[in-house]
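Structural overview for review
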Amino acid sequence: MEGLSFGPLSTLPSLVEELNPHRIAFLTNTTVERLWLEKAAEGIEEPIRIVIPDGEEYKSLETAVAIWKRLQEEGFTRKSLLIGLGGGVVTDIAGFVASTYMRGTLLGLVPTTLLAQVDAAIGGKTGVNFNGKNMIGTFYLPNFVLIAQETLSTLPEEEIRNGLGEVAKYALLDRNIYALTRNFEGINETLIKECALFKAEVVEKDLIEGGLRRMLNLGHTAGHAIEKLSGYRIKHGLAVSMGLMVASKVGEELYGFDSGKAEELLGRLGLPTGHPFRAKEILEEMRLDKKAWYGRITFVIPVEIGDVVVEEVDEAVLKRALEATRD
Ligand code: NAD
Ligand code: MG
């Protein structure tokens, strides 16, 4: 993907200069402000600093309104640059605000969580929650994304693991990434880079989810249901990990996929392989989801490492997979 770059925060000023913006604003949250804003702003002249509270509940229209107001007060124009510095919450709002303010300003993203580096900041989906997750949003590609691994040094272990759930997904989708997880001893630059590039490539071929992009939902159909059932106490990445195991069992029954490979992979990454719910509960939750998707719920199914099919799955097959993966 054009605009995807990997390097230290010290390379940010040169990415900014290339765009020659009228004004520059950082959007971040209170946590990341304290940890990384000074370093990120080094070498950038008098940026506007917009700091929002930390938390998914602030990924809202109210927050967007406050940011629009602030940009207006500061005389921000379409030739100005908004830089989202933070996790997926910040990069999602930054993208949304940048895509809508005066019909679109320049946008740069500096993701600071593993999840945002391999997923949220890649691919141009922006949005805020509104009676449901990401109900209001746009597709808007940033002018640059800077992936600076150094920012992960302050990220809590729990958040690393959250991102690893998506890494495991990519490993099942791509042989090269799978190979990189073979001797996993911790997250590293190459692995992050390959995951980010993989998503960027898929999205480049299919921006608005006509076909190919759907493969990125691997592990997410059951994963979402599990996440919801837990009242969001099970974090997204861990729910996806459980969902990957479910999908793998479906793949085993329908296509002879070796689900042991998925189990080993998740084990290497320190991720859960079983979920705590009854098959019936998850199926019910998935049915609700199905309504939201106009009655078509498709499953991404591993056939072998690096190969999936997308199709509707018989409930009986699903039920067996859900039972087999219950903790
Ligand atoms: P997040 O943005 O809430 O970040 C998680 C926590 O880590 C927060 O408390 C944050 O303040 C903190 N943090 C961020 N960087 C840090 C650092 N370097 N050191 C210490 N703490 C740090 O959550 P997330 O997991 O990054 O992203 C989740 C969001 O991303 C969700 O809203 C989800 O909908 C969205 N998302 C979007 C896409 C997309 O394609 N647009 C894809 C996946 C997820
Ligand atoms: Mg996800």
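Details of the structure are given in the entry above.
Rules used in this analysis
- Residues numbered from 1 in each chain as written.
- Chains lettered and ligands numbered in written order.
- Predicted model: local features only at pLDDT ≥ 70, side-chain atom pairs only at ≥ 80, totals over all residues.
- Heavy atoms only, no water.
- Helix = DSSP H or I, 4+ residues; strand = E, 2+ residues; numbered from the N terminus.
- Rg over C-alpha atoms; globule rule 2.2 N^0.38 Å.
- Contact = heavy atoms within 4.5 Å.
- Pairing = 2+ DSSP bridges.
- Axes fitted to C-alpha atoms, helices over the stretch in contact; angles between N-to-C directions.
- Donors = N, O, S within 2.8 Å, 3.2 Å for Na, K, Ca; no water.
- Buried < 20%, exposed > 50% of the residue type's maximum accessible area, 1.4 Å probe, protein only.
- Near = heavy atom within 4 Å.
- Polar contact = N/O pair within 3.5 Å; in protein donor to acceptor, adjacent residues only side chain to side chain.
- Areas by Shrake-Rupley, 256 points an atom, 1.4 Å probe, with all protein chains shown as cover.
- Nonpolar A, V, L, I, M, F, W, Y, C, P; charged D, E, K, R; others polar.

1. Quick look at the overall build of the chain
Helix and strand content of the chain: 13 helices and eight strands. For 327 residues, the compact-globule estimate of 2.2 N^0.38 gives 20 Å, and the chain sits close to it at 20 Å. When the backbone C-alpha atoms are referred to their principal axes, the chain occupies close to 60 × 40 × 35 Å. Sequence separation of at least 24 residues holds for 72% of the intrachain contacts in the chain that already meet a minimum separation of 6.

2. Re the sheet that holds strand β3 (residues 48–52)
Strand order in the open sheet formed by six strands is β1-β6-β5-β4-β2-β3, with parallel pairing between adjacent strands. Strands with a single pairing partner mark the edges of an open sheet, and in this sheet they are β1 (4–6) and β3. Adjacent strand axes in the sheet meet at a mean angle of 20° when their direction is disregarded. Two strands pair when backbone bridges link them, and strand β2 (residues 24–29) and strand β4 (residues 81–86) are joined in this way by four bridges, in the parallel orientation.

3. With respect to the coordination of the magnesium ion (ligand 2)
Distances from the magnesium ion (ligand 2) to its protein donors, Glu166 (OE), His220 (NE2) and His236 (NE2), fall at 2.0 to 2.2 Å. Positions of the donor residues of the magnesium ion (ligand 2) along the chain correspond to the pattern E-x53-H-x15-H. Here Glu166 is found in helix α6 (residues 157–173), whereas its partner His236 is found in helix α10 (residues 236–255), with 70 residues between them in sequence. Here Glu166 falls in the buried class, since its relative accessible area comes to 0%. According to the relative accessible area criterion, His236 is partly exposed, its value standing at 21%.

4. Some thoughts on the site of ligand 1
In the neighbourhood of ligand 1, 27 residues make up the surrounding shell, with Asp54, Glu56, Thr112, Thr113 and Thr154 lying closest. The separation between a nitrogen atom of ligand 1 and a polar side-chain atom of Thr154 is 2.7 Å. In isolation ligand 1 offers 870 Å² of accessible surface; the protein chains occlude 85% of this area. Elements with a contribution of two residues or more to the shell around ligand 1: α2 (30–41), α4 (88–100), α5 (114–120) and α6. No other element matches the four residues that α2 contributes to the shell around ligand 1. The class makeup of the residues in the shell around ligand 1 is eight nonpolar, 10 polar and nine charged.

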